[in-house]
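Working through the structure, step by step
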Amino acid sequence: NIWIMSNKDVYNLVFDSRGGISGIHHSNSKDKTFSAISEIDGEIWVGMDASICQLVLSQSGDLYMRTLTGLFDPIPNAFISSILKKGDNIWIGTDFGLCRYNCTDKSQYLYIHDNTDAQSLSQNMVTTLAFVNDSILAVGTLRGINFYDPETDKFERVSHNNNSASLTSDFV
């Protein structure tokens, strides 16, 4: 299967054993805005209108959204850019910062930029999330890349500067 997301719809293309398309399912969500898609524990999750939903395929072949309540207390009008799970934590990148939700104790924490703290996020607009090894989370922002260290609960920032070995741009 291949999942394709536009800002107004999500499509699921199903392939047969020869590689031909055997079915196309879509969410038919005319008044919703999608902003992120991720596979988590074998399920497809989407960021949609400042909330997180699970996509479910009905018996009739239609996709519908089930809002995952309690997972993420939405920030009003937040743009969700990324959703990633590692261990017991679900990481949610937004334009207001980085949210960490712990599935075990149901706690949430929002990491934000702080001008007085060089180990905070470099900027609140999170553009992408990825793990670079088993524990270090890379967080792309509009002002460079940040590496989250779970041991210290802090970030190391890497950004563009005049050094020829630095990033060529802060936009990651």
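Structural notes on the overall build of the protein
When helices and strands are tallied, the protein shows 0 helices and 15 strands. Taking all 172 residues of the protein together, the buried fraction comes to 38%. Pairs at least 24 residues apart make up 36% of the contacts formed inside the protein by residues separated by at least 6 positions. Split by element, the accessible area of the protein, about 9800 Å² in all, is 48% carbon and sulfur. Averaging the positions of the 12 positive and the 20 negative side-chain charges in the protein gives two centres separated by 4 Å.

Points about the sheet that holds strand β5 (residues 43-48)
If you walk across this open sheet you meet the 4 strands as β4-β5-β6-β7, and the pairing is antiparallel. Both outer strands of the open sheet, β4 (34-40) and β7 (63-67), are each paired with one neighbouring strand and no more. In this sheet, neighbouring strand axes are inclined to one another by 35° on average, regardless of whether the strands run parallel or antiparallel. The pairing of strand β6 (residues 51-57) with β7 spans 5 bridges and is antiparallel. Looking across to β7, one finds that Val56 is bridged to Tyr64.

Here we look at the pairing of strand β12 (residues 126-131)
Two strands pair when backbone bridges link them, and β12 and strand β13 (residues 137-141) are joined in this way by 5 bridges, in the antiparallel orientation. Opposite Val126, over in β13, you have Thr141 as the bridge partner. Linking β12 to β13, which pair antiparallel, is a turn of 5 residues.

Some thoughts on the sheet that holds β12
The pairing of strands in a sheet comes from backbone hydrogen bonds and takes either a parallel or an antiparallel form. Overall, antiparallel pairing links the 4 strands, which are arranged β12-β13-β14-β15 in an open sheet. For this open sheet the edge positions go to β12 and β15 (154-158), each flanked by a neighbour on one side alone. Pairs of neighbouring strands in the sheet enclose a mean axial angle of 25°, with direction left out of account.

Structural notes on the packing of aromatic side chains
Pairs of aromatic rings are described using the distance from one ring centre to the other and the angle between the two planes. The tally for this structure, following the rule as stated, stands at 6 aromatic pairs. Considering the side-chain rings of Tyr111 and Phe155, the 5.4 Å spacing of their centres and the 85° angle between planes classify their relative orientation as edge-to-face. Of the two residues, Tyr111 is situated in strand β11 (residues 108-111) and Phe155 in strand β15; the sequence distance between them amounts to 44 residues. Neither Tyr111 nor Phe155 differs from the other in exposure class; each is buried. Within the aromatic cluster, the residues linked to one another by ring pairs are Trp91, Tyr109, Tyr111, Tyr148 and Phe155. The residue whose ring lies beneath Lys86 is Phe131, and the NZ or CZ to ring-centre distance is 5.4 Å.

Overview of the pairing of β15
For a regular strand, side-chain orientation follows a simple rule: the groups alternate between the two sheet faces. Examined bridge by bridge, strand β14 (residues 144-149) and β15 share 5 bridges and lie antiparallel to one another. Considered in β15, the bridge of Phe147 is made with Glu156. Hairpin geometry of β14 and β15 is characterised by an intervening segment of 4 residues between the two adjacent antiparallel strands and by a positive phi of about 60° at Asp153.

Conventions and cut-offs
Residues numbered from 1 in each chain as written. Predicted model: local features only at pLDDT ≥ 70, side-chain atom pairs only at ≥ 80, totals over all residues. Heavy atoms only, no water. Helix = DSSP H or I, 4+ residues; strand = E, 2+ residues; numbered from the N terminus. Buried < 20%, exposed > 50% of the residue type's maximum accessible area, 1.4 Å probe, protein only. Contact = heavy atoms within 4.5 Å. Areas by Shrake-Rupley, 256 points an atom, 1.4 Å probe, with all protein chains shown as cover. Lys, Arg positive; Asp, Glu negative; His and termini not counted. Charge placed at Lys NZ, Arg CZ, Asp CG, Glu CD. Pairing = 2+ DSSP bridges. Axes fitted to C-alpha atoms, helices over the stretch in contact; angles between N-to-C directions. Phe/Tyr/Trp six-rings, centres within 6.5 Å; stacked < 30°, edge-to-face > 60°. Lys NZ or Arg CZ within 6 Å of the ring centre and 35° of its normal.

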